[in-house]
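Listed below, chain by chain, are the residues.
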Amino acid sequence: MGNKECPNGVAIPPPQPFMKSLKYSLKETFFPDDPLRQFKNQAASRKVVLTLQYFLPICEWGPRYTLRFLKSDVIAGITIASLAIPQGISYAKLANLPPILGLYSSFIPPLIYAMMGSSRDLAVGTVAVGSLLMASMLGKEVNYIHNPQLYLHLAFTATFFAGVFQASLGLFRLGFIVDFLSHASIVGFMGGAATVVCLQQLKSILGLERFTHHADLVSVMRSVFSQTHHWRWESAVLGCCFIFFLLITRYFSKQKPKLFWVSAMAPLTSVILGSLLVYFTHAEKHGVQVIGELKKGLNPASVTDLVFVSPYMNTAIKTGIIIGIIALAEGIAVGRSFAMFKNYHIDGNKEMIAIGTMNIVGSFTSCYLATGPFSRSAVNYNAGCKTAASNIVMAIAVMLTLLFLTPLFHYTPLVVLSAIIVSAMLGLIDYEAAIHLWKIDKFDFLVCISAYIGVVFGSVEIGLVIAVAISVLRVLLFVARPRTFVLGNIPNTGAYRNVEQYPNAKHIPGMLILEIDAPIYFTNASYLRERITRWIDEEEDRIKASGLNSLQYVILDMTAVANIDTSGISMFEEVKKIVERRGLQLVLVNPGSEVMKKLHKAKFLDEIGQRWVYLTVEEAVAACNFMLHTYQPNPKKDESGGGWNNV
């Protein structure tokens, strides 16, 4: 059945079966990338291979792997291992977990990701913000000093639930949930978390044994300055020297990108130098705290350590969901950034499944939360990695460390680990991005700074809630308060544009032309009715003040209105009554297919008269001008005939 048409050429789409419309809506919501397209017209055996390649991308790139790729990946893998080992130990301490867990978490998860991940550049491991979040949330339920065993088991359980949540989002195509963390909120949250992490390192840098469990700025400063008599100058000097060394090497590598390995090797170099210094000077006897003994051997199983009893299970679930979202947001954002540089595509939902699976398996093998940190991935990218095999090389290097080298970390000073964390966190405080937000969009800057203040002066959880709440509020404002514009004619053209954007655009005598810039739903229908009424009032006041001809037509350009619901249709019916009471005529321009379909079913097109629906603003203005110059000023007096083009 062909499309019906209004007298002025605006098509009314034929009705679609409900199931067909529902299927289309679900497909666009959950499968916008159409992942099943590759399976069309394929043999059964080929479909099995494609399914395997979808869930295990290593089956796709593995057969094409070359010796040249291996050389590049080995160099990249060894380079990121030199960064992963000291960072892993440091971040585990940040999470109030045994340092060895940082190495465990840099062994198993990278192997899983190498098989399942779609990014060639993502280097998997623990992250500072996730570690801090875990320490903050679990620490409210269990004291890691008084009950370290339960705290450790809760960390495994939270990691398990984080993995389940992440994988579920990918499997059920719900990745758009992560998009509610806007770029501005992530910049503010990460900057705030980095600031808090740096403040927490004052404990080790100043050699303090007792320290606040709160993460906010006021509590940390109070704890620091109430113990000035306990500050250890030896530890402070050592910490400042290593921070300076790490920052200098990073600056040097930024200036000369080809020497990226200088910055990448700096943390491990710091660990080696710090350990040698403590060993030969016996600094541990003078207030410099050291890691102590690290357990030798590979990851022990931890399946039986998971806690599924109340009230701890509720804490683990809540912690898992929150750290899972943060880990996904960081991992996917980092992966997409480097994919853009190398001009390839990564599948967000596939990444969620990969990251979720590696955390589930990790929770069974004494690992805690892992994702793709930016610092490690940047080193991997700069080292020239070709595939995810660089993660396998890194995992092998960490495995050798676990088997043979852990005793060498006995004398590693905690202050060096703190210096490594501080230097890494300073890179996350992206003040340039905040300045850019201020210049481009003040509301985005407000979102950013609110998230930052929430984390620094409240807590990591408060900052996260503020970041999400303001981001969602902005979405609601976009939906609930859509923009409407008065359009005018650009002289000597048939174009009609926003009179605020184009000051030379001319108002058309006797007509008010409005553009609605969003779909019309129950959330914005009342606002649009009131705003259209106010536009009419303002236009009539302007006409009276200038002594021009009275207003006769209200033309609504609906080109940007992609959809409408029943509340929107009711709004149009009310607007029609309002303009009729004022002796005006409502005219619609270019309603979209969904809008036309629903207005036709609701009989609104018959109420307004199909001759008052036009394809372009230019046609509508020409028709109204013709009516103004041919008939009486009040168009409601002419109710007969088939329209101006039938006269």
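Residues numbered from 1 in each chain as written. Predicted model: local features only at pLDDT ≥ 70, side-chain atom pairs only at ≥ 80, totals over all residues. Heavy atoms only, no water.

Before going further, it helps to spend a moment on the overall build of the protein chain. When its secondary structure is counted, the protein chain shows 26 helices and eight strands. Seen through its C-alpha atoms, the protein chain measures out along the principal axes to roughly 105 × 65 × 55 Å. Out of the 647 residues belonging to the protein chain, those deemed buried represent 52%. Partitioning the contacts of the protein chain with sequence separation of at least 6, the portion at a separation of at least 24 is 79%. When the accessible area of the protein chain is evaluated, it comes to approximately 30200 Å², of which 63% is carbon and sulfur surface. A gap of 6 Å separates the mean positions of the 55 positive and 44 negative side-chain charges of the protein chain. (Helix = DSSP H or I, 4+ residues; strand = E, 2+ residues; numbered from the N terminus. Buried < 20%, exposed > 50% of the residue type's maximum accessible area, 1.4 Å probe, protein only. Contact = heavy atoms within 4.5 Å. Areas by Shrake-Rupley, 256 points an atom, 1.4 Å probe, with all protein chains shown as cover. Lys, Arg positive; Asp, Glu negative; His and termini not counted. Charge placed at Lys NZ, Arg CZ, Asp CG, Glu CD.)

Moving on, we come to the domain arrangement of the protein chain. Examined at the domain level, the protein chain breaks down into domain 1 (71-429) and domain 2 (482-646). Look at where the C-alpha atoms of domain 1 and domain 2 centre, and you get two points 58 Å apart. (Domains from an automatic or database assignment.)

Attention now goes to the environment of F165. Within the secondary structure layout, F165 lies in helix 8 (residues 148-171). Taking C-alpha positions, F165 is 6.9 Å from G324, a pair spaced 159 residues apart along the chain. Leaving out residues up to four positions away in the same chain, F165 has contacts with I321 and I325.

UniProt tags residues 501-624 as "domain: STAS" (unreviewed entry). Regarding residues 501-624, the helix share stands at 48% and the strand share at 15%, and the terminal C-alpha atoms are separated by 25 Å. (UniProt positions renumbered as here; feature names shortened; annotations may be inferred.)

What follows deals with unusual backbone geometry. Backbone torsion omega between S310 and P311 reads 5°, so that peptide bond is classified as cis. Within the element layout of this structure, P311 appears in the loop between helix 13 (260-281) and helix 14 (312-342). Positive phi, close to 60°, is recorded for N96, a residue that is not glycine. Along the polypeptide, N96 turns up in the loop between helix 4 (67-94) and helix 5 (100-104). Judged by its relative accessible area of 25%, N96 is partly exposed. Positive phi outside glycine occurs at N590, with the angle close to 50°.

Now for the confidence of the model for the protein chain. Of all residues in the protein chain, 96% attain a pLDDT of 70 or more, and the chain-wide mean is 86. Low pLDDT, under 50, characterises residues 635-647; the predicted model gives this stretch 24 contacts beyond four residues in sequence or across chains. (pLDDT = per-residue confidence, 0-100.)

Right, let's talk about the pattern of salt bridges for a bit. The final tally for this structure, using the stated rule, is eleven salt bridges. One salt bridge connects R529 with E530, and the closest N-O pair in it is separated by 3.9 Å. Close ionic contact of E539 with R542 constitutes a salt bridge, the shortest N to O distance being 2.8 Å. Remark: R542 and E539 occur in helix 22 (residues 525-546); sequence separation between them is three residues, near one turn of the helix. Overall, E539 belongs to the buried group, its relative accessible area being 5%. (Salt bridge = Lys/Arg side-chain N within 4 Å of Asp/Glu carboxyl O.)

This part covers the packing of helix 14 against helix 16 (residues 374-382). Helix 16 packs onto helix 14 with a crossing angle of 20° between their chain directions and a minimal axis gap of 10 Å. As judged from the angle between their axes, helix 14 and helix 16 are roughly parallel. As for the relative orientation of helix 14 and helix 16, their crossing is right-handed in sense. Packed against helix 14, whose contacting residues are E330, V334, F338, F341 and K342, the element helix 16 presents F374, S377, A378 and Y381 at the interface. Among the residues forming the contact of helix 14 with helix 16, the class breakdown is six nonpolar, one polar and two charged. (Axes fitted to C-alpha atoms, helices over the stretch in contact; angles between N-to-C directions. Parallel < 35°, antiparallel > 145°, perpendicular 65-115°, else oblique. Left-handed = near helix turned anticlockwise from the far one by under 90°. Nonpolar A, V, L, I, M, F, W, Y, C, P; charged D, E, K, R; others polar.)

So, about the sheet that holds strand 3 (residues 484-489). With respect to topology, six strands assemble into an open sheet ordered 4-3-5-6-7-8, the strand pairing being mixed. Of all the strands in the sheet, just strand 4 (496-498) and strand 8 (613-614) have a single pairing partner and so form its edges. Across the face of the sheet, helix 22 comes into contact with strand 3, strand 5 (511-516) and strand 6 (553-557) while running at roughly 150° to strand 5. (Pairing = 2+ DSSP bridges.)

This part takes up the nonpolar core. One finds I89, L97, L101, M134, F189, Y368 and M425 to be the most contacted residues of the largest nonpolar core, which totals 108 residues. The element contributing the most residues to this core is helix 8, with twelve residues. Sequence-distant contacts of M425, defined by excluding residues within four places in its chain, comprise Y91, A128, A194, V197 and C198. (Core = buried A, V, L, I, M, F, W, Y, C linked by side-chain atoms within 4.5 Å.)

Position of V220 among the secondary structure elements: in helix 11 (residues 217-225). The class of V220 is buried, set by a relative accessible area of 0%. V220 sits 17 residues away from K203 along the chain, and the two C-alpha atoms are 9.2 Å apart. Excluding residues within four positions of it along the chain, V220 makes contact with L199, Q200, L202, F211, T212, H214 and A215.

This part takes up empty space enclosed by the protein. By the definition in use, this model includes one cavity of 30 Å³ or more. Roughly 60 Å³ of internal volume is contained in the largest cavity. Lining the largest cavity are L181, I186, F189, M190, I326, A329, E330 and L464. Residue assignment for the lining of the largest cavity shows that the elements contributing at least two residues are helix 9 (183-200) and helix 14. (1 Å grid on protein atoms, 1.4 Å probe; cavity = no way out; pocket = protein on both sides within 12 Å on 5 of 7 lines; lining within 4 Å. Points joined across faces, edges and corners; volume = space filled by probe spheres on them.)

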